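Fold and geometry: a report
For reference, the chains in residue letters:
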There are 2 protein chains.
Amino acid sequence: MDNDKQPYVPEPAIGRLPWYLACISKMRADGVEYVSSTAISNQLNVDSSQIAKDLSYLNIKGKTRIGYDVRQLEEGLNDFLGFHRRHNAVMIGVGSLGRALITDSGLQRYGLNIVAGFDVDPAKVGTSIEGIPVCALGELASMKEKLKAEIAIIAVPANKAAEVARICTDAGIKALWNFTPFHIKASEDVTIQNTSIYAHLAVMYNRMKDKQA
Amino acid sequence: MDNDKQPYVPEPAIGRLPWYLACISKMRADGVEYVSSTAISNQLNVDSSQIAKDLSYLNIKGKTRIGYDVRQLEEGLNDFLGFHRRHNAVMIGVGSLGRALITDSGLQRYGLNIVAGFDVDPAKVGTSIEGIPVCALGELASMKEKLKAEIAIIAVPANKAAEVARICTDAGIKALWNFTPFHIKASEDVTIQNTSIYAHLAVMYNRMKDKQA
């Protein structure tokens with residue numbers, strides 16, 4: 001698939017594609033060769049018509065009465081989602097969460113290549129975590145080019161998130177993956193992905209209460 | 001605040017409350033005593049009218065020309081969000097991501113108390129991670145009551161997610177925090193919170209491409 005000619009896919013659809021990929025990969029491992037949107041729907045909480053529509057954005061179409069070719073579909077989804085490309089990233093903040101994310105090999109499998117950590121704690125600077133060097137945050141701007149870092153993962157305390165985001169964008173990093181519950185503002189050319197796992201916790205706690213009531 | 005009489009708050013609003021909390025906590029640490037929704041709005045990507053509306057769901061109202069009492073607001077948000085209560089949880093799957101989440105002390109700070117890990121790998125069963133014992137997945141049902149586990153955190157390979165979710169709900173666990181990209185189905189009385197960090201990666205990669213184009 002030619003990157004420059006990738007179709008526009010709405011964000012909710014993009015968010016569902018990895019579910020289909022996980023489902024399809026399991027089927028491929030189980031030896032399934034063809035699959036219908038109905039069969040995928042049976043595994044997930046998604047209508048088969050929605051699945052067919054989402055996949056049609058990618059120009060992936062099933063054959064009547066046969067369905068989708070499982071290998072082609074898996075390949076097409078991985079390509080479209082960017083999981084087959086390497087994206088260099090730096091980890092800003094190597095406290096508990098940052099360290100945890102560096103040790104998660106799943107990120108590597110999905111194309112994220114963490115090349116360095118940065119921290120302000122002198123006790124951490126100069127150490128390494130699973131072979132990833134930890135540098136002083138002040139060095140980020142000068143090291144960014146050499147590291148070819150496209151993405152900064154922000155795993156600092158929430159009250160440092162705004163300041164750290166500014167340091168990253170000043171260094172020329174155009175994508176911030178924000179794990180703090182702080183809602184970062186940046187200019188329009190910067191991609192911000194919020195993954196506040198603590199905010200998800202709050203939503204879960206709240207729905208648990210509603211169901212118990 | 002009386003739990004039984006908690007107001008109904010729409011999910012998008014709940015998702016924003018932790019941002020306000022992070023912002024307010026920083027202000028309180030900085031010695032601010034009163035804050036307006038406009039001042040909060042200046043820190044976040046949210047309209048001040050939206051902030052005032054979200055907070056009014058919690059029956060928190062600011063005073064004209066003075067604003068919100070920062071300490072009361074922080075307390076009210078923490079209480080409402082359940083971050084001040086302990087919620088016992090088990091970690092299903094202590095591979096790379098599960099182990100990483102166990103080591104993240106941030107979860108503890110937001111009320112999540114991981115009491116045990118479960119895995120099918122005999123090499124892991126009987127070990128412990130940061131003092132948390134790792135047990136055989138087959139023991140979950142018999143141990144659930146003793147552990148007082150309300151939540152199962154699912155951090156297994158995506159192709160095991162459906163099976164593991166069934167084991168958890170069969171054991172009587174009513175809340176699943178799903179970190180796999182697999183979209184779990186369960187009966188209506190089960191709360192499912194999907195936090196597929198790999199799906200977020202896909203959305204971020206995609207938006208990065210759009211901005212480069």
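Right, let's walk through the structure included here. Quick caveat, the model's predicted, so the values are computed rather than measured. (Residues numbered from 1 in each chain as written. Chains lettered and ligands numbered in written order. Predicted model: local features only at pLDDT ≥ 70, side-chain atom pairs only at ≥ 80, totals over all residues. Heavy atoms only, no water.)

**A few points about the overall build of chain A**
Across its full length, chain A carries nine helices and nine strands. When each of the 213 residues of chain A is scored for burial, the buried share is 54%. Long-range contacts, defined here as pairs at least 24 residues apart, represent 59% of the contacts in chain A between residues at least 6 apart. Total accessible area computed for chain A in this model is approximately 9800 Å², and 47% of it derives from carbon and sulfur atoms. (Helix = DSSP H or I, 4+ residues; strand = E, 2+ residues; numbered from the N terminus. Buried < 20%, exposed > 50% of the residue type's maximum accessible area, 1.4 Å probe, protein only. Contact = heavy atoms within 4.5 Å. Areas by Shrake-Rupley, 256 points an atom, 1.4 Å probe, with all protein chains shown as cover.)

**Description of the packing of helix H1 (residues 11–29) of chain B against helix H4 (residues 70–81) of chain B**
Residue and element names in this part refer to chain B. Across the interface, H1 lies against H4 with an axial gap of 9 Å and an inter-helix angle of 145°. Taken as a pair, H1 and H4 cross one another with a handedness that is left-handed. On the side of H1, the interface is formed by Ile14, Leu17, Pro18, Tyr20, Leu21, Ile24, Ser25 and Arg28, while H4 contributes Val70, Arg71, Leu73, Glu74, Leu77, Asn78, Phe80 and Leu81. Considering only residue class, the contact of H1 with H4 consists of eleven nonpolar, two polar and three charged. (Axes fitted to C-alpha atoms, helices over the stretch in contact; angles between N-to-C directions. Left-handed = near helix turned anticlockwise from the far one by under 90°. Nonpolar A, V, L, I, M, F, W, Y, C, P; charged D, E, K, R; others polar.)

**What to know about the relation of the copies chain B and chain A**
It takes a turn of 180° to lay chain B on chain A, together with a shift of 0.0 Å along the axis; the resulting RMSD is 0.0 Å. Taken together, the turn and the small shift mark the pair as related by a two-fold rotation axis. Looking at the rotation axis and the C-alpha trace of chain B, the residue lying nearest is Ala100 of chain B, at 2.1 Å. Of the residues that chain B buries at the interface, 100% are likewise interface residues in chain A, meaning the two copies contact each other through the same surface. (Least-squares fit on C-alpha atoms with pLDDT ≥ 70 in both.)

**Details of the interface of chain B and chain A**
On the chain A side, the residues contacting the 67 residues of chain B number 67 residues. Summed over both partners, the interface of chain B with chain A buries about 6300 Å², with 64% contributed by carbon and sulfur atoms. Ranking the residues of chain B by area buried against chain A places His183, Tyr198 and Tyr205 of chain B at the top, with a combined share of 11%. At the junction of chain B and chain A, the tally comes to two salt bridges. With a closest N to O distance of 3.7 Å, Arg207 of chain A and Glu11 of chain B form a salt bridge. Summed over the shared surface of chain B and chain A, the number is 27 residue pairs in polar contact (both at pLDDT 80 or more). Those elements giving two or more residues to the side of chain B that touches chain A turn out to be H1, helix H2 (37–43), H4, helix H5 (96–103), helix H6 (105–109), strand S8 (175–178), strand S9 (191–194) and helix H9 (197–212) of chain B. The dominant element in the side of chain B that touches chain A, judged by the number of residues it contributes, is H9 of chain B, at 14 residues. When the residues that make up the side of chain B that touches chain A are grouped by side-chain class, the tally is 35 nonpolar, 21 polar and eleven charged. (Buried area = accessible area lost by both parts, 1.4 Å probe. Salt bridge = Lys/Arg side-chain N within 4 Å of Asp/Glu carboxyl O. Polar contact = N/O pair within 3.5 Å; in protein donor to acceptor, adjacent residues only side chain to side chain.)

**A closer look at the pattern of salt bridges**
Residues and elements named next belong to chain A. On inspection of all chains with the given rule, the structure shows twelve salt bridges over all chains. Note that Glu145 is salt-bridged to Lys144, the shortest N-O span being 3.5 Å. Overall, the relative accessible area of 58% leaves Glu145 in the exposed class.

**Concerning the pairing of strand S7 (residues 151–154) of chain B**
All names here are of chain B. Of the two faces of S7, the one lined by Ile151 and Ile153 and the one lined by Ala152 and Ile154 are each fully buried. In this structure, strand S3 (residues 87–92) lies alongside S7, joined through four bridges in parallel fashion. Its bridge partner being in S7, Met91 is matched across the sheet by Ile153. Pairing of S7 with S8, which is carried by four bridges, proceeds in the parallel orientation. Bridge pairing links Ile153 to Trp177 in S8. Handedness of the S7-helix H8 (residues 161–170)-S8 crossover: right-handed. (Pairing = 2+ DSSP bridges. Right-handed = clockwise from strand over helix to strand, strands pointing away.)

**Focus: the packing of aromatic side chains**
Applying the stated criterion to the full structure yields eight aromatic pairs over all chains. For the ring pair Phe83 of chain A and Tyr205 of chain B, a centre distance of 6.4 Å and an interplane angle of 75° mean the geometry is edge-to-face. Taken together, the positions of Phe83 of chain A in the loop between helix H4 (70–81) and strand S3 (87–92) and Tyr205 of chain B in helix H9 put the pair across two chains. Given the relative accessible area of 2%, Tyr205 of chain B is considered buried. Joined through ring pairs, the aromatic side chains of Phe83 and Tyr110 of chain A together with Tyr198 and Tyr205 of chain B make up one cluster. Across from the ring centre of Phe80 of chain A, 5.2 Å away, lies the NZ or CZ of Lys209 of chain B, which sits over that ring. (Phe/Tyr/Trp six-rings, centres within 6.5 Å; stacked < 30°, edge-to-face > 60°. Lys NZ or Arg CZ within 6 Å of the ring centre and 35° of its normal.)

**What about empty space enclosed by the protein?**
Applying the stated rule across the entire model yields one cavity of 30 Å³ or more. Within this model, the largest cavity holds a volume of roughly 60 Å³. Lining of the largest cavity is provided by Leu97, Ala100, Leu101, Asp104, Phe179 and Ile197 of chain A together with Leu97, Ala100, Leu101, Phe179 and Ile197 of chain B. Each residue belonging to the lining of the largest cavity can be placed in one class, and the counts come to ten nonpolar, no polar and one charged. (1 Å grid on protein atoms, 1.4 Å probe; cavity = no way out; pocket = protein on both sides within 12 Å on 5 of 7 lines; lining within 4 Å. Points joined across faces, edges and corners; volume = space filled by probe spheres on them.)

**Points about the sheet that holds S8 of chain B**
With respect to topology, seven strands assemble into an open sheet ordered S5-S6-S4-S3-S7-S8-S9 (chain B), the strand pairing being mixed. On the outer flanks of this sheet lie strand S5 (128–129) and S9 of chain B, each paired with one strand and no other. With three bridges connecting them, strand S4 (residues 112–119) of chain B and strand S6 (residues 132–136) of chain B associate as parallel partners. The residue bridging Asp119 of chain B from the neighbouring strand is Ala136 of chain B, located in S6 of chain B. In the packing of helix H9 (residues 197–212) of chain A onto the sheet, the strands contacted are S3, S4, S7, S8 and S9 of chain B, and the crossing angle to S9 of chain B comes to about 170°.

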